[in-house]
Amino acid sequence: MDYLITEQQTMIRDLARKIADEKIKPVAAHYDETEEFAWPIMKILADSDLFGVYIPEKYGGLGGGILDMCLVTEELSRACGGIALGYAGTGLGTLPILLHGSEEQKQKYLPDIAKGKRLAAFCLTEAEAGSDAGSIKTTARKEGDKYILNGTKQWITNAGEAEIYTVVAITDKAKGIRGASAFIVEKGTPGMEFGKKEKKMGIRASATREVIFNNCEIPAANLISKEGMGFIVALKTLDTSRPGVAAQAVGIAQGALDCALEYSRTRVQFGQPISSFQAIQHMLADMGTQLEAARALTYATARMSDSGAKAMSKDSAMAKLFASDMAMKVTTDAVQILAGYGYMRDYPVEKYMRDAKITQIYEGTNQIQRNVIAANMIKEKIKK
Amino acid sequence: MNIIVCIKQVPNTTDVRIDPVTNTLIRDGVESVINPFDAYAIEEAVRIKERCGGKVTALTMGPPQAENALREAISLGCDEAILVSDRKFAGSDTWATSYTLSAAIRKIGDFDIILCGKQASDGDTAQVGPGISAHLDIPQVTYVKKIEEISDKLAKVERMTEEGYDIVQTPLPCLLTVVKEINTPRMPSLKGMMRAKSAKPLKWTADDIEAAPAALGLDGSPTRVVKIFTPQQRKGGEMMSGSTEDVARELTELLKDMVI
Amino acid sequence: MASITILLEKCTGCTLCIKACPFGAIHMANRKAVIDMAKCTLCGACVTACKFGAIELKQDAGAKKDLSSYKDVWVFCEQKKGFIQSISFELLGEGRKLADKLGVKLCAVILGDGLESKMDELSWHGADKIYLVDHPALKSYQDDPYTEVLVKLAQEYQPEIILCGATTIGRSLVSRVAIKINAGLTADCTELDIDLKERLLLQTRPAFGGNIMATIITPNHRPQMATVRHKVMKEAALNKAHKAEVISKRYPEEVFTSRTRLLDIVAEIGETVNLSEADIIVAGGRGLGGKQGFAILGELAKVLGGAVGAARSAVDADWIPYSHQVGQTGKTVCPKLYIACGISGQIQHLIGMQSSKVIVAINKDPEAPIFKVATYGIVGDVFDIVPALTREFGRLLKK
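Note that the structure is predicted; figures quoted are calculated from it, not measured.

Asker: In this structure, what is going on with the overall build of chain B? I would like to understand it.
Answerer: Secondary structure assignment for chain B yields 7 helices and 15 strands. Across its three principal axes, chain B shows a C-alpha extent of roughly 65 × 45 × 40 Å. In chain B, the share of contacts with a sequence separation of at least 24, taken over all contacts with a separation of at least 6, comes to 70%. Of the roughly 10,200 Å² of accessible surface on chain B, 49% is carried by carbon and sulfur atoms.

Asker: Just to check I follow, could you spell out the interface of chain A and chain B for this structure?
Answerer: As a measure of interface size, the accessible area lost when the parts come together is often cited. Taken residue by residue, the interface counts 18 residues in chain A and 11 residues in chain B. For the chain A and chain B pair, buried surface summed over both sides reaches about 1,200 Å², with 74% attributable to carbon and sulfur atoms. In this structure, the connection of chain A to chain B is made through 1 salt bridge. We note a salt bridge from K197(B) to E7(A), for which the minimum N-O separation is 3.4 Å. At the boundary of chain A and chain B, one finds 5 residue pairs in polar contact (both at pLDDT 80 or more). Only α1 (7-34) and α2 (39-47) of chain A provide two or more residues apiece to the side of chain A that touches chain B. Considering each element in turn, the side of chain A that touches chain B owes the most residues, 9 residues, to α1(A).

Asker: Could you clarify how one ought to interpret the sheet that holds strand β19 (residues 307-310) of chain C in this entry?
Answerer: Two strands in a sheet stick together by hydrogen bonds in their backbones, pointing the same way (parallel) or opposite ways (antiparallel). In spatial order, the strands read β15(B)-β22(C)-β21(C)-β20(C)-β18(C)-β19(C); together these 6 strands make up an open sheet with parallel pairing. Whereas interior strands pair on both sides, the edge strands pair on one side only; in this sheet they are β15 (238-240) of chain B together with β19 of chain C. On average, adjacent strands in this sheet sit at an angle of 20° to one another, irrespective of strand direction. Bridge count between strand β18 (residues 280-284) of chain C and β19(C): 4 bridges; the pairing is parallel. By the bridge assignment, I281(C) is partnered in β19(C) with A307(C). Contacts from helix α6 (residues 244-254) of chain B reach β15 of chain B together with β21 (358-363) and β22 (376-379) of chain C, with the element oriented near 140° to β15(B). Sitting on the sheet, helix α7 (residues 291-304) of chain C is in contact with β18, β19 and β20 (337-341) of chain C, with an inclination near 170° to β18(C).

Thresholds applied
Every chain is numbered independently, its residues counted from 1 as its sequence is written. Working convention: letters from A go to chains and numbers from 1 go to ligands, in the order in which they are written. The model is predicted, so local features are restricted to residues of pLDDT at least 70 and side-chain atom pairs to those at 80 or more, both for listing and for counting; the totals for chains, interfaces and linings are taken over all residues. The side-chain numbers reported here are obtained from all heavy atoms of the structure, hydrogens and water having been left aside. Segments assigned H or I by DSSP are reported as helices when at least four residues long, segments assigned E as strands when at least two residues long, and all are numbered from the N terminus. Any two residues whose heavy atoms approach within 4.5 Å at even a single point are treated as in contact. With residues, only the protein chains shown are counted as cover, and all accessible areas are computed by Shrake-Rupley using a 1.4 Å probe. Buried area: the accessible area, evaluated with a 1.4 Å probe, that two parts lose upon being put together, summed over both parts. Salt bridge, as applied in this entry: a Lys or Arg side-chain nitrogen positioned within 4 Å of an Asp or Glu carboxyl oxygen. Polar contacts, as counted here, are pairs of nitrogen or oxygen atoms within 3.5 Å of one another; within protein the pair requires one atom able to donate a hydrogen and one able to accept it, and residues that are adjacent in sequence qualify only if both atoms are side-chain atoms. When DSSP finds two or more bridges between a pair of strands, those strands are recorded as paired. For every element, the axis is a line fit to its C-alpha atoms; helices are fit only across the contacting stretch, and the angle between N-to-C directions ranges from 0 to 180 degrees.

Here you go:
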């Protein structure tokens with residue numbers, strides 16, 4: 001389908017596709033197996049300017065928006081959803097600065113991020129604060145011109161690898177969720193440590209670790225926006241980033257569908273390629289249609305975000321929900337089409353299926369997304 | 001340091017197929033690309049620039065559409081690009097091609113090092129690089145797999161041989177042809193691609209490079225193609241089956257005379 | 001200036017020329033052929049293909065030069081560390097045939113240091129004359145002195161034909177010499193013949209990665225120079241009764257100066273990497289799964305006395321160094337026996353090995369394109385079959 005993207009976006013997509021095909025595909029299985037972080041690929045993405053596509057030109061970027069970021073994430077995910085997350089996770093960690101940071105903060109951090117010199121990470125989740133993000137326990141205590149952070153963030157994407165962390169912590173416990181604030185913490189700050197690397201079902205090339213703050217002192221200038229704005233920053237960040245998760249899901253599904261389609265044309269049973277059987281054809285048709293619908297919703301949401309829309313919780317939740325459920329279904333069907341071969345690690349489809357699962361879980365489980373969607377629908381109805 | 005990299009636009013061999021019925025080349029949809037060996041020359045040129053400063057000029061001789069190869073070279077880090085194009089060049093063999101390119105290089109004038117891929121994937125001659133250095137009467141080192149040292153005056157390089165490699169020192173200016181082992185070419189960058197889009201490669205004709213008309217194109221080429229034909233395609237032979245041991249024994253028997 | 005024209009009154013619109021054009025430069029308009037001049041290289045393929053004489057290729061003939069002073073067939077004989085390379089004997093074998101057809105002498109040209117004792121070897125392989133230039137500066141190949149000496153010899157003795165190996169040395173050397181003496185040079189010939197009427201060397205070579213063959217002549221320039229790939233021609237038969245006249249040439253010192261300096265010659269340690277010399281190559285690809293796979297191939301190669309080759313994917317994955325790579329961006333080989341293990345047979349690989357005499361392919365995918373060129377194909381697991389072959393050949397060869 002032609003989504004009428006701009007010339008520059010076409011260039012971005014084609015370059016990301018070229019890197020995915022030539023550089024990521026050959027090593028995807030390797031990184032999945034070893035669970036190493038794919039630094040050589042991050043270097044390639046950096047040198048190609050892809051980290052800067054959504055960052056304004058005045059900070060060294062290419063001046064595009066969320067759709068540009070989605071196009072890159074989708075193409076990279078086609079080859080490996082785990083490696084793509086090193087890229088997308090940096091986008092998530094950057095958004096608080098991009099959306100709410102001061103001019104000084106932007107000038108200090110965005111140029112390095114745009115060049116891919118430093119990766120970023122977003123730290124919200126804690127052991128007892130998953131879907132219920134309001135019950136985070138990490139604290140930030142103000143002392144003079146410093147904040148002192150204490151607490152442990154869990155399952156942080158890019159932890160240990162990234163150099164710039166945006167962290168949500170409680171500054172005033174009495175105020176509940178209005179007592180949370182967002183901060184920038186640089187790797188290497190005394191009192192900041194990383195826990196062991198998690199062993200995961202999928203996206204195994206992505207680094208997931210605890211980020212531990214133990215009397216970690218940061219300059220007061222690292223506060224993003226104002227005290228008490230932490231949850232607003234977090235929610236706005238997630239509303240903006242969810243199309244990125246949707247794009248990742250679309251990419252993973254496309255990668256699996258490409259394999260299934262190719263395989264069905266070459267696999268011969270009963271004397272003919274299995275693609276000539278209607279049972280397979282109908283599966284392929286459904287996979288292709290669902291995928292295209294998810295892509296259309298993803299791009300539409302990303303465009304809405306880029307047009308400056310204020311309230312888009314419902315729409316970005318819909319995109320993430322639909323695309324990730326689609327990805328799970330399409331990758332499962334791809335394994336089914338490859339059948340016995342699909343279940344073996346010799347073919348990449350079982351990996352796509354493992355990688356797809358996370359998109360239904362992170363940045364808000366799909367159950368939470370449904371809550372958000374329903375709540376917004378009802379709110380809109382009442383308003384009318 | 002002024003670096004010149006000579007490149008050629010060639011059909012992508014991955015796309016080249018033979019029509020099984022007519023036994024001729026199918027060229028429909030065959031994409032034109034930078035000769036794969038020249039990509040290593042471009043990358044090495046850009047690395048020398050990054051190491052020593054200076055600029056990289058990409059030079060190609062070819063039809064007007066070869067401009068695309070030059071734009072790609074710019075997206076990969078070349079600073080300037082020159083297309084030498086003229087109907088008078090049609091039919092050039094390696095003698096006339098190297099003459100034409102050397103005339104263009106004389107017009108560029110100031111250069112310290114010329115890089116070429118070891119050969120082009122369509123012609124496979126490996127003659128144009130050495131031909132250019134002969135026309136310019138400058139030293140050459142072919143099949144370079146590593147530049148160990150480089151300064152304004154000297155380069156110390158490793159030249160690949162059948163048995164290993166030679167270590168050769170050459171004064172500058174010189175011409176090097178490079179092999180794949182020398183580097184891994186980078187991906188283009190978005191900023192480079194944007195620069196390439198708006199770049200305007202210089203276009204030089206036979207008159208611009210002040211070339212002797214008798215030395216150009218078909219007339220300037222000592223060699224002439226008199227016949228082009230498709231070789232007999234190799235046919236698949238016997239498929240062997242049976243247990244591993246049986247197959248191994250049978251094959252050993254079949255190949256007995258070749259291995260003793 | 002040369003030009004090509006379609007003679008519209010003769011063109012029948014049969015489209016034969018379109019099929020013949022290797023550059024996709026011809027199309028039909030109003031049932032007549034039209035040549036796209038931006039793509040045409042004046043190669044003349046369409047002229048020979050047209051059955052109606054409807055395509056005319058004109059070039060400035062110039063004055064027909066008198067080329068009768070050029071005589072004899074020369075073979076540039078390559079030596080390394082004082083040992084004459086086997087390609088030289090292959091070229092003497094081929095050169096003999098050409099010299100006999102033309103009724104001229106076969107001459108060996110050899111440059112080096114302290115080579116007097118090697119003259120018999122060249123005589124016995126059929127050289128009638130040997131031009132020897134012996135000087136310490138010629139001990140190992142260097143572009144400048146070798147070029148200078150060969151240019152001087154050719155200018156003085158005016159050979160009709162010069163043959164040279166398509167080796168790293170040969171290709172570097174004669175490319176320069178051809179420019180300096182204004183001669184035609186054709187690379188990588190796989191077949192040579194003589195057009196006796198015109199006394200022309202017919203040079204046939206693959207182009208487009210072996211997808212097409214081209215026959216090339218040098219009508220108006222002498223010498224006619226060609227490089228020939230290793231193992232394509234048969235070595236000259238040995239005749240110890242044959243005696244050559246040795247012409248030992250001396251030149252002033254400045255002829256031997258070199259701008260480049262050869263600092264060291266490094267042989268790659270260990271196994272026989274020299275793929276282009278090998279009669280037997282055992283090669284592996286992605287199907288080997290890793291370095292261990294190549295260890296298994298190494299055992300088979302050792303038993304067979306062959307070399308180990310590799311497809312690009314295996315080299316890119318760092319399972320084996322680049323010097324082992326066969327194919328478009330690696331080496332072109334034509335051994336007697338090529339055993340491809342776990343290699344799917346992408347066109348870029350086939351280009352590098354499809355002129356091998358016998359190809360054995362082992363691959364678990366029966367659809368792998370490698371089977372289309374294999375003399376013997378085995379569908380199965382490399383890890384079962386290769387060790388079995390090592391055992392069987394070991395038994396046969398008593399190793």
